[in-house]
Amino acid sequence: QVQLVESGGGLVQPGGSLRLSCVASRSIVNINAMGWYRQAPGKERELVARLTNGGSTNYADSVKGRFTISRDNAKNTVLLQMNSLRPEDTAVYYCNAEARNEVFRPVYYWGQGTQVTVSS
């Protein structure tokens, strides 16, 4: 059963914008943070943006000032607004949720990914 579902990817020209959405199943409890990672062909998966329940954010240096992560905790949803997109942003973007299990060990959930292609 898919517990994180991403949407919003697509093809966009350089300088354009996309908004990615991720909805977490209510079966995921005790979420501490949600974020977005991406993986380009031939490269390792990397952090794009992360947002904790306390409001702390982390962004990759390459996206600072261009991407904004936000959450709707009541709806278990995380958004990634991507502006001023560049060809190097092309990748599969994965939603991530960090939670704690019944013995307070970290548990990580991943979506199936959504393709973002930035090309002229």
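Counting of residues starts from 1 at the beginning of each chain's written sequence and follows it residue by residue. The model is predicted, so local features are restricted to residues of pLDDT at least 70 and side-chain atom pairs to those at 80 or more, both for listing and for counting; the totals for chains, interfaces and linings are taken over all residues. Hydrogens and water are ignored here; the side-chain numbers use all heavy atoms of the structure.

1. Examining the overall build of the protein
Then, in step 1: The way it works is that DSSP assigns letters per residue, a run of H or I at least four long becomes a helix, a run of E at least two long becomes a strand, and they are numbered from the N terminus. The helix and strand tally for the protein stands at 0 helices and 11 strands.
Then, in step 2: Secondary structure elements in the protein, listed N-terminal to C-terminal, are β-β-β-β-β-β-β-β-β-β-β.
Then, in step 3: Relative to the globule expectation of 14 Å for 120 residues, the C-alpha radius of gyration of the protein, 14 Å, shows essentially globular dimensions.
Then, in step 4: Reported as C-alpha extents along the three principal axes, the dimensions of the protein are approximately 50 × 30 × 25 Å. Radius of gyration means the value over C-alpha atoms here, while the globule rule gives 2.2 Å times the residue count to the 0.38 power.

2. Details of the pattern of salt bridges
A pair can form between side chains of opposite charge whenever their charged atoms are brought close.
Then, in step 1: Put simply, a salt bridge is a Lys or Arg side-chain nitrogen that is within 4 Å of an Asp or Glu carboxyl oxygen. Evaluation of the coordinates by the stated rule reveals 5 salt bridges.
Then, in step 2: The closest approach of N and O atoms between Glu46 and Arg38, which form a salt bridge, is 2.8 Å.
Then, in step 3: For Glu98, the salt bridge is made with Arg50, and the minimal N-O distance between the two is 2.7 Å. Of this pair, Glu98 sits in strand 9 (residues 91–100) while Arg50 sits in strand 5 (residues 46–52), placing them 48 residues apart in sequence.
Then, in step 4: With a 1.4 Å probe rolled over the protein chains alone, any residue whose accessible area is under 20% of its type maximum counts as buried; one over 50% counts as exposed, and the rest are partly exposed. With a relative accessible area of 12%, Glu98 lands in the buried category.
Then, in step 5: The partly exposed category is assigned to Arg50, whose relative accessible area is 21%.
Then, in step 6: Salt bridges sharing common partners tie together Arg38, Glu46, Arg66 and Asp89.

3. Re the state of the cysteines
Then, in step 1: By disulfide we mean two sulfur atoms from cysteines, separated by a distance within 2.5 Å. This model, assessed by the stated rule, comprises 1 disulfide.
Then, in step 2: The disulfide partner of Cys22 is Cys95, and the S-S distance across this bridge is 2.0 Å. Handedness of the Cys22-Cys95 disulfide follows from its S-S torsion of about -85 degrees: it is left-handed. Here the residue Cys22 occupies a position in strand 3 (residues 18–24), and Cys95 occupies one in strand 9, the gap between them amounting to 73 residues. Like Cys22, the residue Cys95 is buried in the burial classification.

4. Some points on the environment of Asn96
Then, in step 1: Mapped onto the elements of the fold, Asn96 is located in strand 9.
Then, in step 2: For Asn96, the residues in contact, after removing those within four places along its chain, are Leu4, Ala33, Met34, Gly35, Tyr37, Tyr108, Tyr109 and Trp110.
Then, in step 3: Looking at Asn96, its side chain comes within polar contact range of the main-chain oxygen of Tyr109, at 3.3 Å. Any two residues having at least one pair of non-hydrogen atoms within 4.5 Å are treated as being in contact. Pairs of N or O atoms within 3.5 Å make up the polar contacts considered here, provided that, within protein, one atom can donate a hydrogen while the other can accept it, and that residues adjacent in sequence are counted only when both atoms are side-chain atoms.

5. Quick word on the sheet that holds strand 3
Then, in step 1: One open sheet holds the 4 strands; their spatial order is 1-3-8-7, and the pairing between them is antiparallel. Every interior strand has two partners, whereas the edge strands, strand 1 (4–7) and strand 7 (67–72), have only one. In this sheet, adjacent strand axes meet at a mean angle of 15 degrees when their direction is disregarded.
Then, in step 2: Pairing between strands requires that DSSP locate at least two bridges from one strand to the other. In this sheet, strand 8 (residues 77–82) lies alongside strand 7 in antiparallel orientation, the contact comprising 6 bridges. Across the sheet, Asp72 pairs through a bridge with Thr77, a residue of strand 8. Axes here refer to lines fitted to C-alpha atoms; in helices the fit is confined to the stretch in contact. Angles between the N-to-C directions go from 0 to 180 degrees.

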